[in-house]
Amino acid sequence: MTARPRALLCTALVVVAAILCMTFDVAAQSSSFHSAPPSAAQMKNPYAGDAQAAAGGKKLYAQNCAQCHGNNLQGMGPAPTLLSPKVKNAKPGETFWFITNGDLNNGMPSWSQLPKQQRWQIVTFLESKNAAGDY
Amino acid sequence: MAAAVFLKTLFLFCLLWFALPAALAGERPYFITYDQTMEEPGNLDIELEGLTASPQDGDQFLSGVTEFEYGAKGWWTTEFYLDGQTTANQSTIFTGYRWENRFRLLMHEHIINPVFYVEYEDINGADKSLIEVVGFDSQYDGLVPNQEASRERQREIETKLILSSNVYGWNVAENFIAEKNVTGNPWEFGYAAAVSRPLSLLASPDECTLCRENFQAGVEFYGGLGTANKFTVHGTSQYVAPVLSWQVGNAVFKVSPTFGLTDASYRAMLRFGVQYEISGFRRKLEKLFR
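Residues numbered from 1 in each chain as written. Chains lettered and ligands numbered in written order. Predicted model: local features only at pLDDT ≥ 70, side-chain atom pairs only at ≥ 80, totals over all residues. Heavy atoms only, no water.

A.B. asks: How would you summarise the packing of helix α6 (residues 92-101) of chain A against helix α7 (residues 116-130) of chain A if you had to cite specific residues and measurements?
C.D. replies: Residues and elements named next belong to chain A. At a minimum axis distance of 9 Å, the contact between α6 and α7 shows a crossing angle of 125°. In this view, α6 runs oblique relative to α7, as classed from their interaxial angle. α7 is crossed by α6, and the crossing has right-handed handedness. When α6 is examined against α7, the residues P92, G93, T95, F96, I99 and T100 are found in contact with a partner set consisting of K116, R119, W120, I122, V123, L126 and E127. Along the lines of polarity and charge, the residues of the contact of α6 with α7 split into seven nonpolar, three polar and three charged. (Axes fitted to C-alpha atoms, helices over the stretch in contact; angles between N-to-C directions. Helix = DSSP H or I, 4+ residues; strand = E, 2+ residues; numbered from the N terminus. Parallel < 35°, antiparallel > 145°, perpendicular 65-115°, else oblique. Left-handed = near helix turned anticlockwise from the far one by under 90°. Contact = heavy atoms within 4.5 Å. Nonpolar A, V, L, I, M, F, W, Y, C, P; charged D, E, K, R; others polar.)

See the structure below:
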């Protein structure tokens, strides 16, 4: 095989490998909330069911999240509703992970500047709002 | 006539200020040091910062910087500054502008989060904002009268590597600064480092003004590191500055008494600032022109 066809074959293999990796990546990602890693799902909400924490989370939501997701979590423009089966079914740790990391390429900022406790309070608030599951 | 225009502008500005919803989240109390926090996409943050000092052999001055910080993307924040100062017994002058851009290098949170910063500034020698200290910047630069100092033009490119971590409620940030005058002087170096923490890590359930979660306290260290020809701390300015911020509704107030640690430093300075964030600024602007 001459150099040129060999280079073409190598390029094709790399492209196919990349496509396969992306496909597996997407498949792997689709099973978790916003591509949260499996370790995120293992995290437990230290304030689960705590009404005081949820009240604090409500205040934090109004300060930080409502501007995009709406005062009633209904979503606005590109920011999705937070009252949905997707959010309800997400593990608390996955929601916490997504709030911490955001999705910087798609408009969701990282909220890591908020203390960990406050991010869990927001998770607690979202859980309390989604608990009814009446969408 | 001019006064009427000024009053109208002020009125419109105030109207905008209070009419638009604002949100400020965990804003750091720092004046000099950057952490990994980027402006939320589409939001505009307006900040007024002041600095006052009384040099040993010079006139007291008050420097003012107005900053417009815009979140272009989740990973890209751009900021425009207008600088000015007033010196007792001399004059009040506009000293120039700066345009900075910050790019987050990693899309997810890590133990250390790097951000790349690049700025172009076109200021004159009378600028006393001291929003970065590099090379052999010293208090003696401020002794040159405004009329003479303002003739010196400083067109500079400044880069920073920002490293920042959030651990156990604390933020720890380090900035490494390299600045180059485009007219050909050697590279000048500097640094800034800071730690801060909210006074309470939990949010209280009720609305409150004086609750501890609305306060953040910390300390900043910054100074020059010489130039490419002479990399040293000898003969440079070095500062330590406790910082405190207080969030009240739509505003954040910041204050920082600053103390010089070397002969080249100002002995004491006071920094203060107020900032507002206009959330959904891009959306509102688009609506206006639709």
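A.B. asks: Which residues make up the interface of chain A and chain B, and what values go with them?
C.D. replies: Contact residues are listed per partner, giving 26 residues for chain A and 32 residues for chain B. Roughly 2400 Å² of surface becomes buried between chain A and chain B when both sides are summed, with 54% attributable to carbon and sulfur atoms. For the chain A face of the interface with chain B, the top three residues by lost area are K59(A), L104(A) and Q113(A), together amounting to 29%. The partner of E213(B) in a salt bridge is K59(A), and the shortest N-O contact between them spans 2.7 Å. On the surface where chain A and chain B come into contact, there are 13 residue pairs in polar contact (both at pLDDT 80 or more). Where the side of chain A that touches chain B is concerned, the elements lending two or more residues are α3 (51-64), α6 and α7 of chain A. Counting residues per element, the side of chain A that touches chain B draws most heavily on α3(A), which supplies seven residues. Partitioned by chemical class, the residues of the side of chain A that touches chain B number ten nonpolar, 15 polar and one charged. (Buried area = accessible area lost by both parts, 1.4 Å probe. Salt bridge = Lys/Arg side-chain N within 4 Å of Asp/Glu carboxyl O. Polar contact = N/O pair within 3.5 Å; in protein donor to acceptor, adjacent residues only side chain to side chain.)

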